[in-house]
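Descriptive analysis of the structure
Spelled out from the first residue to the last, the chains are:
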Amino acid sequence: MSPRAGSAGPCPASTHTLAFVESPVQLLNVLEWAHADALRAAGESTGPASGAGAGPAPAAGPGADTSTADAAPDAAEAASGPTPGTAGPSPAPGPAPIPEATGPAGGPVPGTAGAVAHTGLTLVVLSPNDPMTRGQLRRMAELARGEGHEVRWEEARGGATAPFHTVGGLAPLLRRAKRIVMGDPFSRYVQLLLTITRARDLVVVDDGTATMEFVSQLARGERLVRWHRRGGRPGPRDLVFAPISASARRRLTPGSGRRVEVFSSMPITETPDGVHVTANDFSWTRARFGPPRLTKGADLVGTSLVETGVVDPDRYLEAVKNLTKTYGATRYFAHRRESTDKLHRLAVETGLEIVRPDLPLELIARRGPIGRTILSFPSTVVHTLPLALVGTEVRVAVCDIDPAWLTATASPRAQGFLSGVTGTARDVHRLSSVVPI
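Residues numbered from 1 in each chain as written. Predicted model: local features only at pLDDT ≥ 70, side-chain atom pairs only at ≥ 80, totals over all residues. Heavy atoms only, no water.

Below, the discussion takes up the overall build of the protein. Each helix and strand in the protein was counted, giving 13 helices and 13 strands. Burial analysis of the protein (437 residues in total) assigns 54% to the buried set. Of the roughly 17,300 Å² that the protein leaves accessible, carbon and sulfur atoms contribute 55%. (Helix = DSSP H or I, 4+ residues; strand = E, 2+ residues; numbered from the N terminus. Buried < 20%, exposed > 50% of the residue type's maximum accessible area, 1.4 Å probe, protein only. Areas by Shrake-Rupley, 256 points an atom, 1.4 Å probe, with all protein chains shown as cover.)

See the structure below:
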């Protein structure tokens, strides 16, 4: 039996904060927000406070206060796989795996946090179908329980009736919650849930570089559309869902008695009036993990730009080949949405060891071992890794996306957005070429 609403155990009747996540990165950033919020609350009651390993907070931009198959997962989906040089899941090297517990159909079991007291934060995992994402979410759920947070696992996409079970089971909690934290304001699931809640305190935590686009669209009063879909005509489902999306946008606009916060490590250049922007400096990650042991070689971070239809696969392969030859990369940390066929081709044609991380890369890098140089294409990690690795000798280098690599169907917004991701990154080295020496 698949876990449905309420399968992750009872939630407190007086739930104060309800957080919705659909990816491991979102869950990580909810943990970062909860850590920062606790420090902030402690500071308000006892004076200035700082987290262990905390470093200087990044500038969040003008006006800031300080910046997505299987319904029954298996543990092997994300934690075991073939030998180096193959394209299947290979566990990232590092300390012993975090113990995990599973419930019906692989859903996390409640109450595994031991004697840690409940914090007043209930994390709701709107589980996707992708096996890699589910595996990472299970691992992150265990970390959340270790911090004393309640975790509620919802098989939100486990069949035609799953949305009805999920929304119906969450409705009472939504009506009681005083504060809603969300990792993806573009998500139709989240937008639907926002129409039910009465909470007047809304928080958006990072969903990677998409946060930059969300804030800009909110500031300009535009409809919420993911950056790689902009420029295309709305489909039938978009038109049907338009009233709910518009309602969500209104809820996410500050108003009388309604507070909206964006918790982000991304550079925020357009801040909507009344939105509080708080910097995420990854102090929780640095307090819990590392510092890492460094290796002499370079590691390369993969991207799902091919899978989203933005970059041509042959061009991408050629770029990875050239980066590998030029900088001596030996490992390729795959994005959780990269296809198996693509990764197999990369392994065969480049000789790289393909690693499927079982946790977000910020935690993998912080635990180590990690290369002294990390190579990346424009993505979230060019903003987050320098923060997670502050105080180490790791250099993060970013390779721009050549306009010639884009597909004919790529959004007209794609090149400008990707250039902005690179150009606004702090503490990274910008690569001028991927041509082998």
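One finds Leu27 and Leu123 to be the most contacted residues of the largest nonpolar core, which totals 42 residues. Among all residues touching Leu27, those that are not within four sequence positions of it are Val21, Leu123, Val125, Leu137, Met140, Ala141 and Ala144. Ranked by size, the runner-up nonpolar core spans 34 residues in total, among them Val124, Leu126, Leu174 and Tyr189. (Core = buried A, V, L, I, M, F, W, Y, C linked by side-chain atoms within 4.5 Å. Contact = heavy atoms within 4.5 Å.)

Moving on: the pattern of salt bridges. Counted under the stated rule, the structure contains 20 salt bridges. With its nearest N and O atoms 3.8 Å apart, the salt bridge here joins Arg286 to Asp281. The same class applies to Arg286 and to Asp281, which are both buried. Arg372 serves as the salt-bridge partner of Glu393, at 2.7 Å between the closest nitrogen and oxygen. Taken together, the residues Glu393 in the loop between α12 (381–388) and β12 (395–399) and Arg372 in strand β11 (residues 370–376) connect sequence positions 21 residues apart. Shared partners join several salt bridges into a network, and the residues in it are Asp37, Arg40, Arg179, Asp201, Arg259 and Glu261. (Salt bridge = Lys/Arg side-chain N within 4 Å of Asp/Glu carboxyl O.)

On to the sheet that holds strand β6 (residues 259–264). The strands that make up a sheet are held in pairs by hydrogen bonds between backbone atoms, and each pair lies either parallel or antiparallel. The strand order across the open sheet formed by 7 strands is β3-β2-β1-β4-β5-β6-β7, and the pairing between neighbours is parallel. Of all the strands in the sheet, just β3 (150–154) and β7 (275–279) have a single pairing partner and so form its edges. Averaged over all pairs of adjacent strands, the angle between their axes in this sheet comes to 20°, without regard to strand direction. Summarising the sheet, β6 and β7 pair through 5 bridges and their orientation is parallel. The partner of Glu261 across the bridge, within β7, is His276. Along the sheet, helix α3 (residues 131–146) contacts β2 (121–126) and β3; its crossing angle with β3, the most-contacted strand, is approximately 160°. (Pairing = 2+ DSSP bridges. Axes fitted to C-alpha atoms, helices over the stretch in contact; angles between N-to-C directions.)

The next subject is the confidence of the model for the protein. Should the pLDDT be low somewhere, the predicted coordinates at that spot are not to be read in detail. Overall, the prediction assigns the protein a mean pLDDT of 78, with 75% of residues at 70 or greater. Below a pLDDT of 50 lies the segment residues 49–117, which in the model reaches 176 contacts outside its immediate sequence neighbourhood of four places, other chains included. (pLDDT = per-residue confidence, 0-100.)

This part takes up empty space enclosed by the protein. Of the volumes computed, that of the largest cavity is approximately 30 Å³. The element best represented in the lining of the largest cavity is helix α1 (residues 24–46), accounting for 3 residues. Residue composition of the lining of the largest cavity, by class: 3 nonpolar, 4 polar and 2 charged. (1 Å grid on protein atoms, 1.4 Å probe; cavity = no way out; pocket = protein on both sides within 12 Å on 5 of 7 lines; lining within 4 Å. Points joined across faces, edges and corners; volume = space filled by probe spheres on them. Nonpolar A, V, L, I, M, F, W, Y, C, P; charged D, E, K, R; others polar.)

Here we come to the packing of aromatic side chains. Under the definition given, this model contains 4 aromatic pairs. Taking the centre distance of 6.1 Å and the plane angle of 75° together, the rings of Trp284 and Phe289 count as edge-to-face. Of the residues examined, Phe289 reaches a relative accessible area of 13% and is grouped as buried. Summarising the aromatic geometry, the rings of Tyr316 and Phe377 are spaced 5.1 Å apart at their centres and angled 45° between planes, so their arrangement reads as tilted. With a gap of 61 residues between them, Tyr316 in helix α9 (residues 313–327) and Phe377 in the loop between β11 and α12 connect regions that are remote in the sequence. On the basis of relative accessible area, Tyr316 is assigned to the buried category, the value being 2%. Relative accessible area serves as the criterion here: at 1%, Phe377 is assigned to the buried category. (Phe/Tyr/Trp six-rings, centres within 6.5 Å; stacked < 30°, edge-to-face > 60°.)

What follows concerns helix α6 (residues 210–220). Residues three or four positions apart in an α-helix share a direction because the helix packs 3.6 residues into each turn. When you tally the buried positions in α6, you get 9 out of 11 residues, the bulk of the element. Buried residues of α6: Ala210, Thr211, Met212, Glu213, Phe214, Val215, Ser216, Gln217 and Leu218, and no others. Of the residues flanking the end of α6, it is Gly221, one or two places downstream, whose phi is positive at about 70°.

This part is about the environment of Val310. Along the chain, the position of Val310 falls in the loop between β8 (294–301) and α9. C-alpha separation for the pair Val310 and Thr409, spaced 99 residues apart in sequence, amounts to 7.3 Å.

Attention now goes to α3. Here α3 spans 23 Å end to end across 16 residues, near enough to the 22 Å set by a 1.5 Å rise per residue. Burial analysis of α3 places 14 of its 16 residues in the buried class, which makes it a mostly covered element. Looking one or two places after α3, you find Gly148, whose phi comes out positive at around 90°. (Expected span 1.5 Å × (residues − 1).)

A few words now on the side chain of Arg336. Tracing the chain through its elements places Arg336 in the loop between β9 (329–333) and α10 (340–350). No salt bridge is formed by the buried Arg336; its nearest oppositely charged neighbour, Asp130, is found at 5.1 Å. In this structure the side chain of Arg336 is engaged in a polar contact, spanning 3.0 Å, whose partner is the side chain of Thr133. (Lys, Arg positive; Asp, Glu negative; His and termini not counted. Polar contact = N/O pair within 3.5 Å; in protein donor to acceptor, adjacent residues only side chain to side chain.)

Right, let's talk about the sheet that holds strand β13 (residues 429–431) for a bit. If you trace the 6 strands from one edge of the open sheet to the other, you get β10-β9-β8-β11-β12-β13, paired in parallel fashion. Unpaired on one side and paired on the other, β10 (353–355) and β13 mark the two borders of the sheet. On average, each strand axis in the sheet is tilted by 30° relative to the strand beside it, whichever way the strands run. Here β12 pairs with β13 via 3 bridges, running parallel. Across the sheet, residue Val398 finds its bridge partner in β13, namely Arg430. Relative to β12, α12 is tilted by about 175°, and along the sheet it contacts β8, β11 and β12.

A few words on the environment of Pro386. Here Pro386 shows up in helix α12. By relative accessible area, which is 13% here, Pro386 ends up buried. Along the primary structure Pro386 and Val428 are separated by 42 residues, whereas in three dimensions their C-alpha atoms are 7.3 Å apart.

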